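# Residue-level structure breakdown
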Amino acid sequence: MKKFIESISNVWKIEELKNRILITLGLLLVYRFGAHVTLPGIDATQLTSLAGQTKSGIGSILDMFTGGAFSKASVFALGIMPYISASIVVQLMGIAIPYLQKLQNDGESGRKKINQITRWLTIVITLVQGPTYIYNLYRTLPSSAFLLGFNSFEFLFSSVIILVTGTIFAMWLGEKITDKGIGNGISLLIMVGILARFPQAFIQEFTTRVTNNNGGPMLLVIEIIIWLLVIVACVLLTMAIRKIPVQYARRTTSGDFEQDMMGGNRQWIPLKLNAAGVMPIIFAQAIMFIPAAVAGLSKSDASQSVVGAFSNMFGFWYNLVFATLIVVFTFFYTAITVPTNKMSDDLKRSGGFIPGIRPGVETSDFLDKVMSLITFPGSLFLALIAVFPAIIVSLMDVQQSWAMFFGGTSLIIMVGVAIDTIQQINSYLLNKHYDGLMKSGKNRKAVA
């Protein structure tokens, strides 16, 4: 513990890192402040019914990713999610559209153009989602909650413009955190929004278990232990890699040691157990909205049963389909994001080879086979974590808001962003001759 505290103190000794952390915290504070600013024309005291809509089901997911802004009818009610949706669409379109494929291979200039396309697509998506959100307010809130009049065009027009502006501003905050802060700006905005719900969810669970004598403190302690174990499992899933040994045919000798001409000191290719990250869960979650929406157009008994099954995110059929989609999308997303052919070509050009495997097509086939073998258990593990909130609700009868932190998209995002942030801070510490964040923190003398 003492060594960890020393490492934290070293962070503030590096002026650049300290400034970046302060900028990040300041911008995150602005984002959280905006989440509590209600849309002009809405009575903030009459949002009880909207808050009730987001206590369970799909509404709770939307509210979690916006840090409670969705249930507060905030200027950030749509949050950063339209930008995430636009990024996913552009990434998928890059598979089929040659122009986007060319931009992906153009380096920094291509990346800037793709970012610009993503921004414009974000505006388009927000212009669609904005009126939908306002329509939901019309259906949920009483007419007296609209100060400019119920179904007023002035309110509709101004609110849509404000929602679009709020999303663009949130996107700008994320990019500034990436450029001027400690990085991962968009991910940090999502993580902060998720963490904003944590204290309330824990207090509700504490009240239910202890104050209402529903299980007592011992059961609450067991829940916390299980929660910590799930976090450890998420960390292992995020960090797990399969090392493929690599040798290089060309070497240069200097003194008493050999150094690779290509690849530095690393003698292996790291293939991640979960190369797709959280994207399969996001894809599957988006698909799960469709059955209920389509079935809701019909008033038949069969359609209503489908609506009921796919609106209950803690139900059996919902989670069975959800887990199956996650497994499928994990293979799909891994296939399009891990270019084994390109890896094989790069390895061949650098004079490297995998022992016992011929360079070229055989290397590509070997890497593809290994990726398939490690992706299958990775996808099952990811699916298990995604549906674990439903398991913990059925087994221990925990509050649904607290159960959301036992797995799913929220927990994996928090773990992934936390690991990336620690790695960013570690890089600054190591560059300034300090040990990493989790080590002793003593000043290291530069090697002559």
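Residues numbered from 1 in each chain as written. Predicted model: local features only at pLDDT ≥ 70, side-chain atom pairs only at ≥ 80, totals over all residues. Heavy atoms only, no water.

As annotated in an unreviewed UniProt entry, the protein is Protein translocase subunit SecY from Flavobacterium frigoris. The protein has a UniProt comment under Sequence similarities (unreviewed entry) that states "Belongs to the SecY/SEC61-alpha family." According to its UniProt record, the protein has this under Subunit (unreviewed entry): "Component of the Sec protein translocase complex. Heterotrimer consisting of SecY, SecE and SecG subunits. The heterotrimers can form oligomers, although 1 heterotrimer is thought to be able to translocate proteins. Interacts with the ribosome. Interacts with SecDF, and other proteins may be involved. Interacts with SecA." (UniProt positions renumbered as here; feature names shortened; annotations may be inferred.)

## Some thoughts on the overall build of the protein
Secondary structure summary: the protein contains 18 helices and 6 strands in total. The 448 residues of the protein split such that 45% are buried. A sequence separation of at least 24 residues applies to 71% of the contacts in the protein between residues at least 6 apart. Here the protein displays about 23200 Å² of accessible surface, and carbon together with sulfur accounts for 65% of that area. (Helix = DSSP H or I, 4+ residues; strand = E, 2+ residues; numbered from the N terminus. Buried < 20%, exposed > 50% of the residue type's maximum accessible area, 1.4 Å probe, protein only. Contact = heavy atoms within 4.5 Å. Areas by Shrake-Rupley, 256 points an atom, 1.4 Å probe, with all protein chains shown as cover.)

## Regarding helix 2 (residues 15–34)
Helix length check: helix 2, at 20 residues, gives a terminal C-alpha distance of 29 Å against a target of 28 Å (1.5 Å per residue), a fit within 8%. When helix 2 is considered as a whole, its buried residues turn out to be Leu17, Arg20, Ile21, Thr24, Leu27, Leu28, Tyr31, Arg32 and Gly34. Projected down its long axis, helix 2 shows its buried positions confined to an angular sector of 160°, all on one face. Within helix 2, the exposed residues directed more than 90 degrees away from the buried face are Leu25, Leu29 and Phe33. (Expected span 1.5 Å × (residues − 1). Arc of directions from axis to C-beta.)

## Things to note about the nonpolar core
Judged by nonpolar contacts, the single largest core of 98 residues is most densely connected at Ile80, Tyr133, Ile134, Leu137 and Phe322. Setting aside residues no more than four positions away along its own chain, leucine 137 makes contact with Leu39, Ile42, Leu50, Ala73 and Phe146. The next biggest cluster of nonpolar side chains, apart from the first, holds 12 residues, and it includes Val246, Leu271, Ile354 and Val370. (Core = buried A, V, L, I, M, F, W, Y, C linked by side-chain atoms within 4.5 Å.)

## Some thoughts on the packing of helix 11 (residues 216–239) against helix 16 (residues 361–396)
Taken N-terminus to C-terminus, the directions of helix 11 and helix 16 make an angle of 170°; their axes are 11 Å apart at the nearest point. When the interaxial angle is binned, helix 11 and helix 16 end up roughly antiparallel. Each of Leu219, Ile222, Glu223, Ile226, Val230, Ala233, Cys234 and Leu237 in helix 11 lies in contact with helix 16, whose residues at this interface are Gly378, Phe381, Leu382, Ile385, Phe388, Ile392 and Met396. Of the residues that constitute the contact of helix 11 with helix 16, the class distribution is 13 nonpolar, 1 polar and 1 charged. (Axes fitted to C-alpha atoms, helices over the stretch in contact; angles between N-to-C directions. Parallel < 35°, antiparallel > 145°, perpendicular 65-115°, else oblique. Nonpolar A, V, L, I, M, F, W, Y, C, P; charged D, E, K, R; others polar.)

## Here we look at empty space enclosed by the protein
Overall, the coordinates contain 1 cavity of 30 Å³ or more when judged by the stated rule. Along the walls of the largest cavity sit 17 residues, with Gln285, Met313, Ala386, Met404 and Gly408 positioned nearest its centre. Taken together, the elements giving at least two residues each to the lining of the largest cavity come down to helix 4 (58–65), helix 14 (316–337), helix 16 and helix 18 (408–431). With 4 residues, helix 16 is the largest single contributor of residues to the lining of the largest cavity. (1 Å grid on protein atoms, 1.4 Å probe; cavity = no way out; pocket = protein on both sides within 12 Å on 5 of 7 lines; lining within 4 Å. Points joined across faces, edges and corners; volume = space filled by probe spheres on them.)

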